[in-house]
Amino acid sequence: MSDQAHSLRTPIVAVLGHVDHGKTSLLDKIRGSAVSDGEAGAITQHIGATAVPLDTISEMAGSLVQPSDFDLPGLLFIDTPGHHSFSTLRARGGALADIAILVVDVNDGFQPQTEEAIDILQRTGTPFVVAANKVDTTPGWNPVEDSPIKPSYDGQSDAARSRLDENLYELIGQLSDRDFSADFYWRVQNFRNNIGVVPCSALTGEGVPDILAVLMGLSQRFMKAEMEIDVEGPGEGTVLEVKDQQGFGATLDVVVYDGIIREGDTIVVGASNEPIVTEVRALLQPRPNAEIRVEKQFEQVDSVGAAAGVKIAAPDLDNAIAGAPVRVVRDRPEEDVVEEVKAELAEIEVGTEEE
Ligand code: GDP
């Protein structure tokens, strides 16, 4: 086993929560701040995900994240909150997302999809931070743009702060009803036993530095061993979406969490019937600087290593299903890989039956 071939990959972060509680806004804020604070091109747009390197996180989080304290390369945020990645995370036992942000509107508290997200996080044992969002809507709130939350919180009027506290304690109580011991994140000593609640606003950016700091801390403390991968190993990933792409037919949007996938590789993909065995025809990434939501602007790459999002074009993908595993065969018996994929699919079926 050569040391050179091993490295620490980027932890994969899912953003979960009830509709309208601010998942998309929070992701947009993180992406937006990374673009304006970081060097040009410091964040990388992937298919279905955004990679934010450690240096950029550190710029955004200021004194809360010192790059020298970390050896994980950054964070990969899954961009598609609340749809397939949601059921995928549920089904896959946490392999898709390593850590999560549970976004809760601080005025609204727990709602049905919050409960659902908690179920998944509990079952998969996924470490998470609670983003108690929309603190700026607290009556009398005096926003401090993009500030860490503690100075902003301390600087509010007593009236505003106690209004917010009321909501935050309600939320901490709701977490406790679900058997999570939670507290204001700055009081949490042991993030393995206690859930940190970060008051924040996806609109003003307050508390966003703290969310990034807690995510980096959780990853570094509790996930590091799992981040160690063989960078040359056969790629493994999870299908986020199956999409028809002009000129390519059915394609897969995949998050790769281990090894490497190369053009021409034989892959096994979970499907509604028997697993599909096919050959990668093209690996597609958004063109740098292209409008990220415009679908057609792809460029072809030769290979994609974990952790990353990528669009895979290959023949015969029509019956592939979101949430299913993708495995590169490489120098293993194909039947073994097919059996592995079948076994994983059986788990997914259990997951979806529970919906
Ligand atoms: P999602 O459904 O969870 O992705 O929620 P969105 O990000 O689409 O947000 C739902 C609505 O809440 C939008 O109108 C946002 O502008 C608004 N919103 C999200 N975060 C905040 C926040 O921190 N403060 C305020 N005032 N509004 C917010």
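Look up a bit, the structure's there.
By way of backbone hydrogen bonds, the strands of a sheet pair with one another, either parallel or antiparallel. Reading across the sheet, the eight strands line up as S15-S14-S20-S11-S12-S19-S16-S17 and stay open at both edges, with antiparallel pairing between neighbours. Edge strands, defined here as strands with exactly one partner in the open sheet, are strand S15 (276-279) and strand S17 (298-301). Going across the sheet, the axis of each strand differs from the next one's by a mean of 40 degrees, ignoring polarity. Taken together, the four bridges between strand S14 (residues 266-269) and S15 define a ladder with antiparallel strand orientation.

The next subject is the packing of helix H2 (residues 54-61) against helix H7 (residues 208-227). One way to put it is that H2 packs onto H7 with a least axis distance of 8 Å and a crossing angle of 140 degrees. Comparing their axes, H7 and H2 come out oblique. Relative to H7, H2 is oriented so that their crossing is left-handed. Residues Leu-54, Ile-57, Met-60 and Ala-61 of H2 form the contact with H7, whose own contacting residues are Pro-209, Leu-212 and Met-216. Here the residues of the contact of H2 with H7 sort into seven nonpolar, no polar and no charged.

The subject of this paragraph is the pairing of strand S11 (residues 236-245). Counting buried residues in S11 gives seven out of ten residues, a clear majority hidden from the surface. Pairing between S11 and strand S20 (residues 325-328): three bridges, direction antiparallel. Bridge pairing links Glu-236 to Arg-327 in S20. Two elements, S11 and strand S12 (residues 249-258), share nine bridges in a ladder whose sense is antiparallel. What sits directly across from Glu-241, in S12, is Asp-253. Here S11 folds back onto S12 in antiparallel fashion, the turn holding three residues, of which Gly-247 has a positive phi close to 90 degrees.

This part is about the pattern of salt bridges. The tally for this structure, following the rule as stated, stands at 21 salt bridges. The salt bridge involving Asp-154 is made with Lys-150; its shortest N-O contact spans 2.9 Å. Taken together, the residues Asp-154 and Lys-150, both in helix H5 (residues 149-154) and four residues apart, mark about one turn of the helix. Assessed through its relative accessible area of 42%, Asp-154 is described here as partly exposed. Among the residues examined, Lys-150 registers a relative accessible area of 30% and is labelled partly exposed. The shortest N-O distance in the salt bridge between Lys-243 and Asp-253 comes to 3.3 Å. On the criterion of sequence distance, the pair formed by Lys-243 in strand S11 and Asp-253 in strand S12 is long-range, its members being ten residues apart.

Conventions used here
- Residues numbered from 1 in each chain as written.
- Predicted model: local features only at pLDDT ≥ 70, side-chain atom pairs only at ≥ 80, totals over all residues.
- Heavy atoms only, no water.
- Pairing = 2+ DSSP bridges.
- Helix = DSSP H or I, 4+ residues; strand = E, 2+ residues; numbered from the N terminus.
- Axes fitted to C-alpha atoms, helices over the stretch in contact; angles between N-to-C directions.
- Parallel < 35°, antiparallel > 145°, perpendicular 65-115°, else oblique.
- Left-handed = near helix turned anticlockwise from the far one by under 90°.
- Contact = heavy atoms within 4.5 Å.
- Nonpolar A, V, L, I, M, F, W, Y, C, P; charged D, E, K, R; others polar.
- Buried < 20%, exposed > 50% of the residue type's maximum accessible area, 1.4 Å probe, protein only.
- Salt bridge = Lys/Arg side-chain N within 4 Å of Asp/Glu carboxyl O.

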